[in-house]
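# Working through the structure, step by step
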Amino acid sequence: MSAASQLTPNRAGRVDLPGRYGPIAALRAPAAGTDLGATALLVPGYTGSKEDFAPLVDPIADAGIEVLAIDLPGQYESPGPDQESAYRPSALGTVLADLVAKIAADGRRVLLLGHSYGGLVVRAAVLAHAPVTGLTLMDSGPAELPPGDRRSALDAGETVLREHGIEAAHQVLESRAAEDPAWAETPIELREFKRTRFLRSAPAGLLGMADGLRYEPDLVTKLAAALRTAGASALVICGEQDDAWSVASQRDMADRLDADFAVVVGAKHSPNTENPDGLLGTILPTWRAWLADAV
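Residues numbered from 1 in each chain as written. Predicted model: local features only at pLDDT ≥ 70, side-chain atom pairs only at ≥ 80, totals over all residues. Heavy atoms only, no water.

You'll find the protein entered in an unreviewed UniProt entry as Pimeloyl-ACP methyl ester carboxylesterase, with Kutzneria kofuensis given as the organism.

Here it is as structure tokens:
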């Protein structure tokens, strides 16, 4: 097992949260030591799951912040509907906004973080009036996924999934992963976990989220206005070698949002597993400052 992966041991317990389409599967870790009265709600990206945040769980909880890392509807252990349109960012954003409202109703201040496609979903939640104290967009962009290898993979994957099913789609995904030299060093148990969660994903969810990645409009101006109205803070953070949205486009998004911006060295598209210490070195001080300002 690698030092930082989806299988990293942590103190979180598996819980079910209330959701529109059934229970939302989550990993929950209560705040350790002094509870700052805040909950970090962590939302994964396309083909991801709550386990993507495993390396972050204990350090965030140790900082006095409760952790809730979730599977979005249709991902891994969270059930979802059969309609592809239900998985576009705007639709999932309303589901997430309901969850944020429930957490806030318990007196918690919500620090909402979305990774990649999850970033498009969390911004939709803010646009749906989710009561957040702070918003963190991690390796997520201002609009649809730009042309490149990831966009091409989405197009190819859709054809295989529609014509041959989810097993065949996973084989294509794994073949692409095997082209990376690092794949040979990936532990067998991690490969098996990723295979299991992919095969447990709702096919409609994979197709609907892929459409979201291809057709999402630029909503940064609207998001900036919503954050101002809510009095919420924002952070845009990405790996220095992000191969999904460019670092430049994310820096520009931060400027348009009047948000803090940071780059995680030694990371590509997933700092949460590629350099969790570097990621935590930025988000924890930033979140503490937000909470101090919000008192």
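Still more to cover.
### Quick notes on the pairing of strand 7 (residues 233-239)
Buried residues dominate strand 7, accounting for six of its seven residues. Of the pairings in the sheet, the one linking strand 6 (residues 134-138) to strand 7 comprises five bridges and is parallel in character. Among the inter-strand pairings, leucine 135 is bridged to a residue of strand 7, identified as alanine 234. In this structure, strand 7 lies alongside strand 8 (residues 260-264), joined through five bridges in parallel fashion. Residue pairing in the sheet places isoleucine 237 in a bridge with alanine 262 of strand 8. Once the chain exits strand 7 it traverses helix 9 (residues 247-257) before rejoining the sheet at strand 8, and the crossover so formed is right-handed. (Buried < 20%, exposed > 50% of the residue type's maximum accessible area, 1.4 Å probe, protein only. Helix = DSSP H or I, 4+ residues; strand = E, 2+ residues; numbered from the N terminus. Pairing = 2+ DSSP bridges. Right-handed = clockwise from strand over helix to strand, strands pointing away.)

### Structural notes on helix 8 (residues 220-230)
Listing the buried residues of helix 8 in full gives Val220, Leu223, Ala224 and Leu227. Burial along helix 8 is one-sided: seen end-on, the buried residues are contained in an arc of 105°. Those residues of helix 8 that are exposed and aimed more than 90 degrees away from the buried face are Thr221, Lys222 and Thr229. Taken together, the buried residues of helix 8 touch helix 3 (117-127), strand 6, strand 7 and helix 9. In the stretch just after helix 8, glycine 231 is the one whose phi turns positive, near 65°. (Arc of directions from axis to C-beta. Contact = heavy atoms within 4.5 Å.)

### Quick word on the pattern of salt bridges
Per the counting criterion, the structure on display carries 22 salt bridges. Across the pair glutamate 216 and arginine 123 runs a salt bridge, and its minimum N-O distance is 3.3 Å. Of this pair, glutamate 216 sits in the loop between helix 7 (203-215) and helix 8 while arginine 123 is found in helix 3, placing the two residues 93 residues apart along the sequence. Per residue, the accessibility class of glutamate 216 equals that of arginine 123, and both read buried. In this structure, glutamate 167 and arginine 195 form a salt bridge, with 3.4 Å as the shortest nitrogen-oxygen distance. Linking glutamate 167 in helix 5 (residues 166-177) with arginine 195 in helix 6 (residues 188-199), this pair joins segments that are 28 residues apart in sequence. On the basis of relative accessibility, which here comes to 40%, the residue glutamate 167 falls in the partly exposed class. On the basis of relative accessible area, arginine 195 is assigned to the partly exposed category, the value being 29%. (Salt bridge = Lys/Arg side-chain N within 4 Å of Asp/Glu carboxyl O.)

### Focus: unusual backbone geometry
At tyrosine 76, a position not held by glycine, the phi torsion is positive, near 45°. Examined against the element boundaries, tyrosine 76 turns out to sit in the loop between strand 4 (66-70) and helix 2 (89-105). Given the relative accessible area of 13%, tyrosine 76 is considered buried. Backbone geometry places aspartate 258, a non-glycine residue, at a positive phi of 55°. With respect to the element layout, aspartate 258 can be found in the loop between helix 9 and strand 8. Overall, the relative accessible area of 73% leaves aspartate 258 in the exposed class.

### Focus on the sheet that holds strand 5 (residues 109-115)
Ordered by their spatial adjacency, eight strands build an open sheet running 1-2-4-3-5-6-7-8, and the pairing between neighbours is mixed. If you trace the sheet from one side to the other, it starts and ends with strand 1 (13-17) and strand 8, each paired once. Mean inter-strand twist for the sheet, computed between neighbouring axes without regard to direction, equals 25°. Both strand 5 and strand 6 contribute to a ladder of five bridges, which runs parallel. The residue of strand 6 that forms the bridge with glycine 114 is leucine 137. (Axes fitted to C-alpha atoms, helices over the stretch in contact; angles between N-to-C directions.)

### Digging into the UniProt feature "domain: AB hydrolase-1" (unreviewed entry) in the protein
Following the UniProt record, the feature "domain: AB hydrolase-1" (unreviewed entry) maps to residues 41-279 here. Structurally, residues 41-279 comprises 50% helix and 13% strand, and the distance from its first C-alpha atom to its last is 16 Å. (UniProt positions renumbered as here; feature names shortened; annotations may be inferred.)

### Some details on the packing of helix 4 (residues 149-164) against helix 5
At their nearest, the axes of helix 4 and helix 5 sit 7 Å apart, and the two run at 155° to each other. Taken together, the axes of helix 4 and helix 5 are roughly antiparallel relative to one another. As for how helix 4 packs across helix 5, the hand of that crossing is right-handed. On helix 5, the residues touching Asp149, Ala153, Val160, Leu161 and His164 of helix 4 are Ile166, Ala168, Ala169, Val172 and Arg176. Among the residues making up the contact of helix 4 with helix 5, the classes are represented as seven nonpolar, one polar and two charged. (Parallel < 35°, antiparallel > 145°, perpendicular 65-115°, else oblique. Left-handed = near helix turned anticlockwise from the far one by under 90°. Nonpolar A, V, L, I, M, F, W, Y, C, P; charged D, E, K, R; others polar.)

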